[in-house]
Amino acid sequence: MTAATDDRANPRPLSRGRFLAPGLLALLLPVGCSSTTSPSVSPASVAAAEPSCPAPDPRQEASDRFHRGKAHALAGDAACARLEFEAALDGFRTAMQTGNPGDLAFAGQLWDSVTLYEAVSSGAGEEAAPVGGRQDGLIAQATTTPTPDELALARKEIEEAGTSLDFDVPIVVNEAVLNAVAFYQFRTPKAFAAALQRSGRYLPLMRSILRENGLPEDLVYIAMIESAFKSQANSRAAAKGYWQFISGTGKRYGLKTTAEIDERSDPVKSTRAAAAYFRDLYEIFGDWHLAMAAYNAGEGRVLRGLQRTGARTYWELRDNNALHRETRDYVPFFIATALIAKDPARFGFEVVPDAPLDFDLVEVPRPTEVARIARELGISTETIKSLNGELRGRSTPRGVPAYPLRLPKGAGPLLAARMASIPAAPELRERRIPVRKGETLARFAARNKVSVGEVCAANDLRANAKLRKGMVLVVPVRASGRPAAPALAEAADAPVLIGEPLRGEIRALPTPSAAVVDASSLGHGYTPAPEAPVAAASLPSRVEIPASGFESPARAVPQSRTPHARSKPAARRDTHTVQKGETLFRIANRYGVSVEVLRQENRLGKKSSLRVGQKLAVPQASGR
């Protein structure tokens, strides 16, 4: 985004910037960047200038200074960049004509551009995107290496894809990408299949928004690895929603977060914000893989890594160990997701996707309980909540003239006809109560005479969230002073007036890793190696695939028919279901393995907690 090319028409007041008096600029200018700035012009020289000399164009002067500041910002010179930016803002502020629409629009563009690059040069981009701690998405820090058989199958399926796949972002196939493909196939197939099923609901909508913004539509798979298309996806870094914005970055791109709504969980608003963010990132880096890395780690960290290592691409930056582990895996997992999602059946996933999102929009003129609307329409509260993921409470938000509520297709006219008879939601106040030692959500809710669902809704918590002593939670209270009543129950005999949205299904998954004993069991026409072992063919370090797709099977991964050495049989694994009160130490002792092996096999961090019913993969100890 630049002052000369940005087309956003929401100018912001220049008074928010920090300005230097023109006379002080030359005194404060660092020696290293003095040659890049225009010399200041004194009033005497202006008076002495010949009348025939044309007056300089304020917009051109401001644009020139902005572009010099941009060059300094990208070079990591924050001091010089800041001085150029402030000179551009200050110069245009004094020269602009009051009330001129063109000047006001240019001022807004200039301000937006300066805000972006000043944040980059000052390192503010460090917190621009979540780093690590992903809980609900598909991006994973794989601590187990796929077996040779699994990698061979992933490689073969990518080869077979050939020219049948088409992309509008650059695709690279290397060891990291093959590892990611095999990881989705043989470590987390159920989670990936569930994300594929949900993708049918959101892909058409999100692709259309990206297309409207002139961006590659395949960027939609960023949302898939970030949240698995879950509206309430959270991370330990406090990121939330489909595109996993942290609060600061969401606010920077126009997403509101209040006690009643969180627009990061709205598929339309969050996708528009992500599109604006990716436009800015591509403006900075000119490379989609670097833009993706910056989306994950923050543009400041990626810029400093490029400056420190001299790298020119994401893959060079990755090879120089200049990125955090999740960011090193980020682009490979994105590419793996795109490869599989374009042709799931080829990779062993037989999934019927959910029906595309389709809804009516009704203006609700006053705060109204969602449960009451659901009862009037004969549908579930969850159906309305799933269409309006930004709603955090039990009712539509207060303090707005009208709230545009999404309803299943066909329900809009029915609600509009009944809206006048539906009462407004009662006024609510809030109390803030500290958690006591050893309290669970159920005990906390019972002590304060509210439901667990209300506590979760008021505090944006999961139903299985663990509380800590001293944590302060919000408890909703009626205007009368009594705790809020439980949510309006849906009548069991309420007539079903509107059909629920069509749901897809998961019909088949790739062969589980534990069932793979040797290469011959993989099927799909795989030819096992001969008995006499020979040197295995080495995998190319990187195979470039043009943005238009695979040019030929040979460009994807060479289809070498050289016999391979027979791979070791895949390690057999047991599956353990976590019981109440069990710990990793107790489970490890039961199976005769170490706690560290269990952590690595199930990608558990040192602070990860177990849940009752959680499935753990347990490698069989030697001799079992």
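All values derive from a computational prediction rather than experimental measurement.

A. Summary view of the packing of aromatic side chains. Within the structure shown, the criterion is met by 17 aromatic pairs. Where Tyr-202 meets Phe-229, the ring centres are 6.0 Å apart and the plane angle is 20°; that geometry is what we call stacked. Remark: Phe-229 occurs in the loop between α9 (220-227) and α10 (247-252) and Tyr-202 occurs in helix α8 (residues 189-212); sequence separation between them is 27 residues. Ring geometry for Phe-278 against Trp-288: centres 6.5 Å apart, planes inclined by 55°, an arrangement best described as tilted. In this pair, Phe-278 is assigned in helix α11 (residues 267-285) and Trp-288 in helix α12 (residues 288-297), connecting sequence segments 10 residues apart. Each member of the pair Phe-278 and Trp-288 is classed as buried. An aromatic cluster of three or more residues is present, and its members are Phe-245, Tyr-253, Tyr-277, Phe-278, Tyr-282, Trp-288 and Tyr-295. In this arrangement the basic side chain of Arg-406 is found over the ring face of Phe-359, its NZ or CZ atom lying 5.1 Å from the centre.

B. Structural detail: the environment of Thr-327. Structurally, the position occupied by Thr-327 is in helix α15 (residues 325-342). According to the relative accessible area criterion, Thr-327 is buried, its value standing at 0%. Each C-alpha atom, one on Thr-327 and one on Ile-139, is 9.6 Å from the other, the two residues being 188 residues apart in sequence. Setting aside residues up to four positions removed in sequence, Thr-327 forms contacts with Ala-293, Asn-296, Ala-297 and Tyr-314.

C. View of the side chain of Asn-448. Assignment of secondary structure puts Asn-448 in the loop between α19 (441-447) and α20 (452-459). A relative accessible area of 5% places Asn-448 in the buried class. From its side chain, Asn-448 meets the backbone oxygen of Phe-444 in a polar contact 2.8 Å long.

Criteria and thresholds
Residues numbered from 1 in each chain as written. Predicted model: local features only at pLDDT ≥ 70, side-chain atom pairs only at ≥ 80, totals over all residues. Heavy atoms only, no water. Phe/Tyr/Trp six-rings, centres within 6.5 Å; stacked < 30°, edge-to-face > 60°. Helix = DSSP H or I, 4+ residues; strand = E, 2+ residues; numbered from the N terminus. Buried < 20%, exposed > 50% of the residue type's maximum accessible area, 1.4 Å probe, protein only. Lys NZ or Arg CZ within 6 Å of the ring centre and 35° of its normal. Contact = heavy atoms within 4.5 Å. Polar contact = N/O pair within 3.5 Å; in protein donor to acceptor, adjacent residues only side chain to side chain.

Purely geometric numbers; function is a separate question.
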